[in-house]
Amino acid sequence: MFWTQSREHEFQKMVEKSDSDQQSVRVRFAPSPTGYLHIGGARTALYNWLWARKSGGVFILRIEDTDMERSTQDSVEEILEGLRWLGLDWDEGPYFQTQNLEKHKEAADKLLREGHAYRCFCSKEDLDNQRKEAESKKIAFMYDGRCRNLTPEQVQANIEKGMTSVVRFGVPRDAHSVVAFDDAVYGRIEKRARDIEDFVILRSDKSPLYILSNAVDDALDKITHVIRGADGLANTPKQILIYNALGIEPPIFAHMPLTLDNKKAKLSKRVHGEVVTISYYRRRGFLPWALCNFLALLGWSSPDGREFFSRDELIDIFDLSRINRHNSIFNYVSGDPKNWTDPKAIHFNATYVRSMSLNDLTPYVKNELKNNDLWSDCYESTEKEWFLNTIDLIRTRYHVITDFSTKGRFCFSDDFEFDPKAVIKNLYQDANLAKYLPELARGLNTLPVFDPEKIEGIFRDLAEKKQVKAGLIINASRTAVSGSSVGPGLFELLAILGKERVVKRLNQSVRLIENA
RNA sequence: GUCCCCAUCGUCUAGCCCGGCCUAGGACACAGGCCUUUCACGCCUGCGACAGGGGUUCGAAUCCCCUUGGGGACGCCA
């Protein structure tokens, strides 16, 4: 009676469509907005996105916001923001599951009317007690289906008495009934119908449950491949049952193994902190594609053993069939400042930072410098060549983009810090440095061409003249001009910094030395 | 407790489907060395795994069974 003619028609169309022509691929990422976008979610989104792009299909974003109490707008924003940053652009959506609530109810009504579902008047308290008791006796609890055989008259009578009811799906109970499907990753999965309980699809307040909403939305969105975490594996037989009862061809399922922590527990912000959130990687200076590349390899491998791929290369080579079946571990150990996240993830980022084209890298560096008041527009005009040479020189030892504004600060500002250890090691080493450095500055100042070769000549000459090892003045100079004891080859570095700044910093360092 | 899934170096994994090419390959991490003005990069070397037990077979990491271990699901959560 609630089932209107037009809705009926809609489902009918769906049925016809699904078993006619081979449709193009449609996949979706369907997060629930109850928190942040995390590593696991991003990986799921990535695999869906890759599959869509590979097959020339459509990637849909659907926000499953039916849990009104826990869903927040902030969370939606963060998820969209995260996906955008990762570069996982969607073609449709974001759709919101709550928008389809009526359709979910209609599907439930249809199931009810056609005898695939029934009203259950058992109270929640009653069931909870049964469950608890079963648990204490260590026996499996499954709803016994006692309301399944209520006659229409009994149902009517209960309703008139004002009893509340939920709608349960009536799982086929023929002797050897089996629900089976071919998972694109796990292969054939079979489950005996007798091991599936009559699950609830509509609450007593008539609101649909996820298991129903999700399946109906996938049908409505004409999803062809459901690529999701393996935690959805156990739900799948139930959803297949729903599809079958609705007369809809189920999508192809591809369950991907889960990513756990090094104790094989679920990753969560609560216990692991920000390191599981995507926004953290953005803040810590990760390149979005480096993260994607790393994530892609958590549960998937290429046929040729390669690990680094451009976007297009990965899209080209990615395939559902090479997703493996065992869970992987996100190798994060807390309290290690160097390996603050999975070391392999850092390795990927560092490799991208030092090997990607300067053209692709520059926007990230620009943004980082801007955020730290180190940017100057001339880096894109008059000083462009200098800027490019500079980041190319310093990037080889950087791991993350933030390094450009911290470790690399001395290149873009005179206001940088001196590492106390470096000062002690390189500047306090020899009191004569207070004389050598200004002398060096004078020598450098005479150079008409400030290039690495000429600069080195000045250094070597001075070392010989003073009868000291060149390393002494080289290392002292490094600290004097950069504040650090580590960095690129010194002569190249000085050439980049330019005569004026070098001479000034060399002379100023005398004060530091004299304070020793 | 029931059902489902999984099992190769510390971690990510190749090999498994279609047994022999596997004294098990690669990557990260770690250790040592080379290069070097430092730190990186790079290069070289080392460390390091087929969970255990049965079968099948001339031959098993690969096939089968059991055990063990791990994960997931079992909500009027999603």
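All of the points below concern the structure found in this document. This structure is a prediction, so every number in the text was calculated from the model and none was measured.

1. Examining the side chain of aspartate 65
Mapped onto the secondary structure, aspartate 65 falls in the loop between strand S2 (58–63) and helix H3 (73–86). Lacking a salt bridge, the buried aspartate 65 has arginine 62 as its closest oppositely charged neighbour, with an N-O distance of 8.4 Å. Ignoring any residue separated from it by four or fewer positions in sequence, one finds aspartate 65 in contact with Pro33, Ser71, Phe96, Gln97 and Thr98.

2. Thoughts on the environment of phenylalanine 412
Secondary-structure assignment places phenylalanine 412 in helix H16 (residues 409–412). Residue phenylalanine 412 is classed as buried on the basis of its relative accessible area, which comes to 9%. Expressed as a C-alpha distance, the spacing of phenylalanine 412 and asparagine 158, which sit 254 residues apart in the sequence, is 78 Å. Beyond its immediate sequence surroundings of up to four residues, phenylalanine 412 is in contact with Leu369, Leu374, Tyr379, Trp386, Phe387, Thr390, Ile391, Ile394, Phe404 and Arg501.

3. Topic: the nonpolar core
Within the largest apolar cluster, 113 residues are counted, with the highest numbers of intra-cluster contacts made by Tyr281, Phe412, Leu444 and Phe459. With 9 residues, helix H2 (residues 39–54) is the largest single contributor of residues to this core. The next biggest cluster of nonpolar side chains, apart from the first, holds 34 residues, and it includes Ile60, Leu111, Phe181 and Ala215.

4. Looking at the pattern of salt bridges
In the structure shown here, the tally under the stated rule is 34 salt bridges. A salt bridge links arginine 173 to aspartate 198; the nearest nitrogen and oxygen atoms lie 2.9 Å apart. Here aspartate 198 lies in the loop between strand S7 (187–192) and strand S8 (200–202) and arginine 173 lies in the loop between strand S5 (166–169) and strand S6 (178–183), a separation of 25 residues in the sequence. Residues joined by salt bridges that share partners form a network here, namely Arg28, Arg62, Glu64, Asp217, Asp218 and Asp221.

Cut-offs applied
Residues numbered from 1 in each chain as written. Chains lettered and ligands numbered in written order. Predicted model: local features only at pLDDT ≥ 70, side-chain atom pairs only at ≥ 80, totals over all residues. Heavy atoms only, no water. Helix = DSSP H or I, 4+ residues; strand = E, 2+ residues; numbered from the N terminus. Buried < 20%, exposed > 50% of the residue type's maximum accessible area, 1.4 Å probe, protein only. Lys, Arg positive; Asp, Glu negative; His and termini not counted. Salt bridge = Lys/Arg side-chain N within 4 Å of Asp/Glu carboxyl O. Contact = heavy atoms within 4.5 Å. Core = buried A, V, L, I, M, F, W, Y, C linked by side-chain atoms within 4.5 Å.

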